[in-house]
Amino acid sequence: MKLPDSIWGVWSVWRRYFSVFVKSIGYYLVTTFVEPLLYLFAFGVGVGSLIGTLQDGGVHLSYRRFIFSGIIAQTLLFQGFYEGSYGAFVRMYYQRIFQSIAITPITLSDVLWGELIWDASKATLAAEVVALIGVISGEFPLMSLLTLLPLCFSASLLFSAMGLAAAAYSRSIDELSYPQYLLVFPMFLFCGVFYPVEDLPRALQTVAWIFPLTSVNSLVRTLTIGLPFQSWAVAILLVWLLVLVVLARRAMTRRLVK
């Protein structure tokens, strides 16, 4: 059965990126998995031996389990944003892949959807590998690999769209440092990766919940280590996802057709 033209176009873009990915699989494995593994060992084993246990949402758990689940969310943030920002900027500005594909029967809209879905696919794979390590080490239940998939892909799509929007608005690759240092790093440090958000002062807790990584952390920990489900985290995540996907596609379309 023939796929509709738009789905075929998105699939063709995704498949093109996948072919390139397979040819450079060694580079991907090193650049994708070394960083989260270093965080896991440094904080899970090193800092975890000093802290022992903590309490989050009324649940007592080891710091190692807590940080393990936080690294999943951190992986989604970093892999999604950096692939969507630096990766997309290189493909747009230096390699001009977007423009080259767009002059084929594949439309620019298909190119942008293919870009976002591919970026999200890579980040999801990286997060699932971290979760798999957690399962093997006994920190997470085996079923969490399945239950995490929809969340990981949605969060990856969100952060990829954030990166793609940053690439669209940046006049040079150096300007991507602005969202990196003013948005990504503050989320990484203050949105619950390394400590419970409830330990922050009340005002900072409110600020932290505005940003999407806090919701991602909350939902990941619900699915992996059984922390209480916070329904507003889903609403926050969906609002950010909708806004950023629309913003990224519109901004990049304006950038490419001006």
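Refer to the structure above for everything that follows.
About the cut-offs
Residues numbered from 1 in each chain as written. Predicted model: local features only at pLDDT ≥ 70, side-chain atom pairs only at ≥ 80, totals over all residues. Heavy atoms only, no water. Helix = DSSP H or I, 4+ residues; strand = E, 2+ residues; numbered from the N terminus. Buried < 20%, exposed > 50% of the residue type's maximum accessible area, 1.4 Å probe, protein only. Contact = heavy atoms within 4.5 Å. Core = buried A, V, L, I, M, F, W, Y, C linked by side-chain atoms within 4.5 Å. Axes fitted to C-alpha atoms, helices over the stretch in contact; angles between N-to-C directions. Parallel < 35°, antiparallel > 145°, perpendicular 65-115°, else oblique. Nonpolar A, V, L, I, M, F, W, Y, C, P; charged D, E, K, R; others polar. Phe/Tyr/Trp six-rings, centres within 6.5 Å; stacked < 30°, edge-to-face > 60°. Lys NZ or Arg CZ within 6 Å of the ring centre and 35° of its normal. Pairing = 2+ DSSP bridges.

**Q** Where do I start with the side chain of Ser-215 in this structure?
**A** By the secondary structure assignment, Ser-215 is in helix α9 (residues 212-225). The buried category is assigned to Ser-215, whose relative accessible area is 0%. Setting aside residues no more than four positions away along its own chain, Ser-215 makes contact with Trp-209, Ala-233, Ile-236 and Leu-237.

**Q** Could you clarify how one ought to interpret the side chain of Ser-170 in this entry?
**A** Residue placement: Ser-170 occurs in the loop between α6 (144-169) and α7 (177-190). If we skip the residues at most four places from it in the chain, Ser-170 touches Phe-89, Glu-175, Leu-176 and Arg-255.

**Q** Sorry if this is basic, but what is going on with the nonpolar core here?
**A** Considering soluble globular proteins, one finds that nonpolar side chains tend to be buried as a cluster. Core analysis: the biggest nonpolar cluster contains 80 residues, and Ile-72, Leu-77, Phe-98, Phe-159, Leu-213, Val-216 and Met-252 have the highest contact counts within it. Examining the composition of this core, we find that 15 residues originate from one element, α6, more than from any other. Setting aside chain neighbours within four positions, we find Leu-77 in contact with Phe-159, Val-184, Met-187, Phe-188 and Leu-213.

**Q** I keep staring at the packing of helix α3 (residues 63-94) against α7 and nothing clicks. Help me out?
**A** Packed helices, taken two at a time, are described by the angle their axes make and the gap between the axes. Between α3 and α7, the shortest axis-to-axis distance is 11 Å and the interhelical angle comes to 170 degrees. One element, α3, and the other, α7, form an angle in the roughly antiparallel class. Listed contacts from α7 to Gln-74, Leu-77, Phe-78, Phe-81, Tyr-82 and Tyr-86 of α3 are Ser-177, Pro-179, Gln-180, Val-184, Phe-185, Met-187 and Phe-188. Along the lines of polarity and charge, the residues of the contact of α3 with α7 split into ten nonpolar, three polar and no charged.

**Q** Even after reading the chapter, I still don't get the packing of aromatic side chains, so can you show me in this structure?
**A** The description of two aromatic rings rests on the distance between their centres and on the angle between their planes. Scanning the entire structure with this criterion turns up 18 aromatic pairs. Counting every residue linked through ring pairs, the aromatic cluster contains Phe-78, Phe-81, Tyr-82, Tyr-86, Tyr-181, Phe-185, Phe-188 and Phe-194. Directly above the ring of Tyr-17 sits Arg-91, whose terminal nitrogen or CZ lies 4.9 Å from the centroid. Sitting above the plane of the Phe-66 ring, Arg-221 keeps its charged end 3.6 Å from the centroid.

**Q** Explain the pairing of strand β1 (residues 53-56) to me, please; I cannot follow it from the model alone.
**A** The two faces of a sheet get side chains in turn, since along a regular strand they alternate between them. Judged by which residues are buried, β1 turns out to be one-sided: Leu-54 and Asp-56 face inward and are buried, whereas Thr-53 and Gln-55, on the alternate face, are not. With four bridges joining them, β1 and strand β2 (residues 59-62) adopt antiparallel strand pairing. Directly across from Thr-53, in β2, lies its bridge partner Ser-62. What sits between β1 and β2 in their antiparallel hairpin is a turn of two residues, with Gly-57 showing a positive phi close to 65 degrees.

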